[in-house]
Amino acid sequence: MATAISGPRVLLRQLRETMAEPLASQDRLDKIVDLIAENMHADVCSFYVLRDDGALELFATHGLKPESVHMTTLRLGEGLVGLIAAEAEPLSLENARTHPSFAYRPETGEDPFTAFLGVPVLRAGQTLGVLVVQNRDRRIFGEDEIEAMLTTATILAEMIATSDFDSLIKPGQDIDLRRPRTFNGTGFSDGIALGQVVLHDPRVVVANFIAEDTEQELRRLAAALDTMRVSIDDMLSHGDMQSFSDHREILESYRMFAHDRGWVDRLTEAIDNGLTAEAAVERVQNDTRARMMRSTDPYIKDRLHDLDDLANRLLRILTGDGHAVGTKELPENAILVARNMGPAELLEYDRSRLRGIVLEEGGATAHVAIIARSLGLVAVGQAENIVSMCEPGDDIIVDGPTGTVHLRPTPDVEQTYVDKVRLTAKRRAHYLEFRDKPAITRDGIEITLLHNSGLVADLPMLDDTGAAGVGLFRTELQFMIASKLPRLNEQVELYREAIRLTGDRPIVFRLLDIGGDKVIPYLRSAAEENPAMGWRSLRLALDRPGLLRIQIRALLQAANGGPLKILVPMVTDAWEFRQTRVVVNKEVERLRHAGEKVPEKLELGAMIEVPSLLWELDRLLPQVDFVSIGSNDLVMFLTAADRANPRVSKSYDPIALPRLRALRHIVDMSRRYGVPLTMCGELAGKPVEALALMSIGMTRLSMSPPSIGPIKEVILGLELEPVRKSVSAALLDGSDGVGIRELLLDWTERQNLSV
Ligand code: PEP
Ligand code: MG
């Protein structure tokens, strides 16, 4: 009959000594299993490592037949060992043979053994192997023994990740940790990027796993927990949440977890078993990550994510590892990988080295995706669990059109992509062929194609695409990348440069559209429950007219007597537009008074992106010089589905009947009042969506520059009139028949359009 373990702390110390000894890999592993068996009073201790082919290979054993080492394998899910690996949960059995998953392996000679305890070897939530102890006699392993095994497994995980097992692995095989992985996400952009992983929020590297002084480690944990709790309370009470998170709700749940006895007890227990405070956090975090990856309940997943974030925060406090976004050295072809990030955070990185961005969350019309596109980055979202699966510096391929991400690609996958990149270059060359051709349909309807832009750096692309001008210049981007509020002269300089680079083509400057997810770090405002519907954009501008006046002044000065187009974002009621016009007129008068040049032609337009305005167009349109539809916000508000949250937004097709009817209403009204109308939301840049817009009579489309070529190709091959007729009929027909998208797809096939 086995007795209680002699103490995991003793074992950990012995393990540390063994790891420091100059031993060959196999000898070291053999010694480790001997030590664990002795310490656990077990007759058997076996260590299985998960290979890249999904087999768990016996790497070392004390007690089973030595010839079974590197011979015995179990598949994931097969036998007790496979079950533990697949579920990432410990399994303790008084009599292993009676368990339905028991798989007998005669070559191991395990017949005499009855009691069984196995634990997963986890790192960042991933299963890397399984550690097992067995006894001849029946025995019930206690909670403390399970915990001791899990603690030991933490050390083994680190060993798998950092040791050189090459000499133990058969040729052609590798350990699972280095396995190539593919993620099927959602593409946010065109293009393909090959590069190296840069983790936006890198995991803290725990260097020291085994404690010298347990009491001291407990004190370190207590102090770190205190620091963390105080900082969370501070953030909650000051409303200063931008540096950490946008949502009060998340902070509240952090606070709840930070005080959660169960969590703290588990951390304490891991230290009691001989780990350092940081290794204890890592050990508990591993379980959380493992559960997070396996949970399918979105609510539970979110909470586990919160807990994971919190553990990271605690690790940073313990290791003093600060988190300096964007300042780190980037490799030449950096691909950022993150759970999520705000647009401002993305803009902090050195853009000359960034090639792509991969997010676990994020929707195609989230601002971070829009900015990624405007920076020419290849972007993919919804790549589930990728952060835990990759290490900084790993090779990675991001495929925008399919939304696929290949982590640690095999050489043939890599070669395929090298070829694809060549092909993309060919496609670009193909688009270049008709760059100078006007965008006119086969039946003679001219479409004006424009850029959405926001950084001076992407304006020279106008020459590559042959677009007619800039339909939307998002001026807030300059504010988002600045460390402090840009002064009047800095703004003048930027707008002047933008006008210079656009040449004699038109450029539409949109007034500051900040708030929501466009956070400006130095313009703090109180936390809001629903920032997208909060104090943002024009609302903020009219409440703070100083900011608005300076921007208008800068635009007028930059125009230097030339023409100027200003677009007013987020107009909700027509009076807001009137009020903005008053501010603009005052600034013009001021300029005239000072004897300076006023624009030869000043046009002021309104964005239509708040649904309420659709029923006030008869008041708005007589006052405006032009209008522009912001479909990203308009569709979000029409469907009450957050544009940044694909879980909800993906259910509502922006060109389905109700949305297209709303857009058609705007087209009809603008025509009635003779007001030029442009679409500047992301819809215009997608072929089928652009076809929908043209079919309801829109002729001015503004999009991110890489979309110009593909959209122009559609236009050049299109006979629009029949499509118009059929879509018009469908919009009138209230019956629940064929959807608009299906209808349009049918037309693209009939007319052989490449969409
Ligand atoms: C829109 O809402 O469609 C739009 C163009 O503005 P933004 O994406 O900057 O909110
Ligand atoms: Mg908008």
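Residues numbered from 1 in each chain as written. Chains lettered and ligands numbered in written order. Predicted model: local features only at pLDDT ≥ 70, side-chain atom pairs only at ≥ 80, totals over all residues. Heavy atoms only, no water.

A. Structural context of the coordination of the magnesium ion (ligand 2). Taken together, Glu 609 (OE) and Asp 633 (OD) make up the protein donors of the magnesium ion (ligand 2), found 2.1 Å from the metal. Of the two residues, Glu 609 is situated in the loop between strand E19 (602–608) and helix H20 (617–620) and Asp 633 in helix H21 (residues 631–639); the sequence distance between them amounts to 24 residues. By relative accessible area, Glu 609 is classed as buried at 2%. (Donors = N, O, S within 2.8 Å, 3.2 Å for Na, K, Ca; no water. Helix = DSSP H or I, 4+ residues; strand = E, 2+ residues; numbered from the N terminus. Buried < 20%, exposed > 50% of the residue type's maximum accessible area, 1.4 Å probe, protein only.)

B. Examining the sheet that holds strand E14 (residues 404–407) more closely. Across the sheet, eight strands lie side by side as E7-E14-E13-E9-E10-E11-E12-E8; this open sheet has mixed pairing. Every interior strand has two partners, whereas the edge strands, strand E7 (181–184) and strand E8 (186–187), have only one. In this sheet, E14 lies alongside E7 in antiparallel orientation, the contact comprising four bridges. Of the residues in E14, the one forming a bridge with Phe 183 is Val 405. Strands in contact with helix H13 (residues 411–433) are strand E9 (192–199), strand E13 (395–399) and E14; relative to E9, the strand with the most contacts, it is inclined by about 125 degrees. (Pairing = 2+ DSSP bridges. Contact = heavy atoms within 4.5 Å. Axes fitted to C-alpha atoms, helices over the stretch in contact; angles between N-to-C directions.)

C. The packing of helix H24 (residues 687–695) against helix H26 (residues 720–732), seen in detail. Two elements in contact, H24 and H26, have axes whose closest approach is 9 Å; the angle formed by their N-to-C orientations is 80 degrees. When the axis of H24 is compared with that of H26, the two are roughly perpendicular. Across the interface between the two elements, Leu 691, Met 694 and Ser 695 from H24 touch Leu 720, Val 723, Arg 724 and Val 727 from H26. Residues that form the contact of H24 with H26 fall into these classes: five nonpolar, one polar and one charged. (Parallel < 35°, antiparallel > 145°, perpendicular 65-115°, else oblique. Nonpolar A, V, L, I, M, F, W, Y, C, P; charged D, E, K, R; others polar.)

D. Inspection of the sheet that holds strand E2 (residues 55–62) at higher detail. Taken together, six strands build an open sheet; the order of strands is E3-E2-E1-E6-E5-E4 and the sheet is antiparallel. Edge positions in the sheet fall to strand E3 (73–75) and strand E4 (91–93), since each has one partner strand and no second. Between one strand axis and the next, the sheet turns through 20 degrees on average, direction left out of account. Strand direction decides the pairing type here: strand E1 (residues 44–50) and strand E6 (residues 126–135), joined by six bridges, are antiparallel. Paired with Ser 46 across the two strands is Val 132, which belongs to E6. Taken strand by strand, helix H4 (residues 143–162) contacts E1, E4, strand E5 (115–123) and E6, and its axis lies near 40 degrees from that of E5. Sitting on the sheet, helix H8 (residues 277–294) is in contact with E5 and E6, with an inclination near 85 degrees to E5.

E. Structural detail: the packing of aromatic side chains. Overall, the coordinates contain three aromatic pairs when judged by the stated rule. Here Tyr 431 and Phe 434 contribute two aromatic rings whose centre-to-centre distance is 6.0 Å and whose plane-to-plane angle is 65 degrees, an arrangement assigned as edge-to-face. Across the pair, exposure class does not vary: Tyr 431 and Phe 434 are buried alike. Ring geometry for Phe 473 against Phe 509: centres 5.5 Å apart, planes inclined by 70 degrees, an arrangement best described as edge-to-face. A residue pair is termed long-range when its members are at least 10 positions apart, and Phe 473 in strand E16 (residues 470–474) and Phe 509 in strand E17 (residues 507–510) qualify at 36 residues. Using a relative accessible area of 0% as the deciding quantity, one classes Phe 473 as buried. Linked through ring pairs, Phe 473, Tyr 495 and Phe 509 together constitute an aromatic cluster. Stacked on the ring of Phe 626, the Lys or Arg Lys 565 has its end atom at 5.7 Å from the ring centre. (Phe/Tyr/Trp six-rings, centres within 6.5 Å; stacked < 30°, edge-to-face > 60°. Lys NZ or Arg CZ within 6 Å of the ring centre and 35° of its normal.)

F. Highlighting the site of ligand 1. The full set close to ligand 1 counts 16 residues, and Arg 474, Arg 510, Lys 518, Asn 632 and Arg 643 are the nearest of them. Within the side chain of Glu 609, an N or O atom sits 2.9 Å from an oxygen atom of ligand 1. In this structure, Gly 630 approaches ligand 1 through a main-chain N or O atom, which is 3.4 Å from an oxygen atom. Relative to its unbound accessible area of 290 Å², ligand 1 is 100% covered by the protein chains. Breaking the shell around ligand 1 down by element, the ones donating at least two residues are helix H11 (367–374), E16 and H21. By residue number, the principal contributor to the shell around ligand 1 is H21, which donates three residues. Of the residues assigned to the shell around ligand 1, the class counts are four nonpolar, five polar and seven charged. (Near = heavy atom within 4 Å. Polar contact = N/O pair within 3.5 Å; in protein donor to acceptor, adjacent residues only side chain to side chain. Areas by Shrake-Rupley, 256 points an atom, 1.4 Å probe, with all protein chains shown as cover.)

G. The domain arrangement of the chain, seen in detail. Split by domain assignment, the chain resolves into domain 1 (2–176), domain 2 (181–201 + 332–409), domain 3 (214–319) and domain 4 (440–750). The interface of domain 1 with domain 3 comprises 20 residues on the first partner and 15 residues on the second. For the pairing of domain 1 and domain 3, the buried interface totals around 1500 Å² over both sides, and the portion due to carbon and sulfur atoms is 50%. Linking domain 1 with domain 3 are one salt bridge. The residue Arg 283 makes a salt bridge to Glu 147 at a minimum N-O spacing of 2.8 Å. Where domain 1 packs against domain 3, one counts five residue pairs in polar contact (both at pLDDT 80 or more). Counting only elements with at least two residues in the side of domain 1 that touches domain 3, the list comes to helix H1 (8–20), helix H3 (79–87), E5, E6 and H4. (Domains from an automatic or database assignment. Buried area = accessible area lost by both parts, 1.4 Å probe. Salt bridge = Lys/Arg side-chain N within 4 Å of Asp/Glu carboxyl O.)

H. Representation of the side chain of Asp 308 within the structure. Take Asp 308: it is sitting in helix H9 (residues 298–319). For Asp 308, a relative accessible area of 8% corresponds to the buried category. Setting aside its immediate chain neighbours within four residues, Asp 308 contacts Gln 285, Thr 288, Arg 289 and Met 292.

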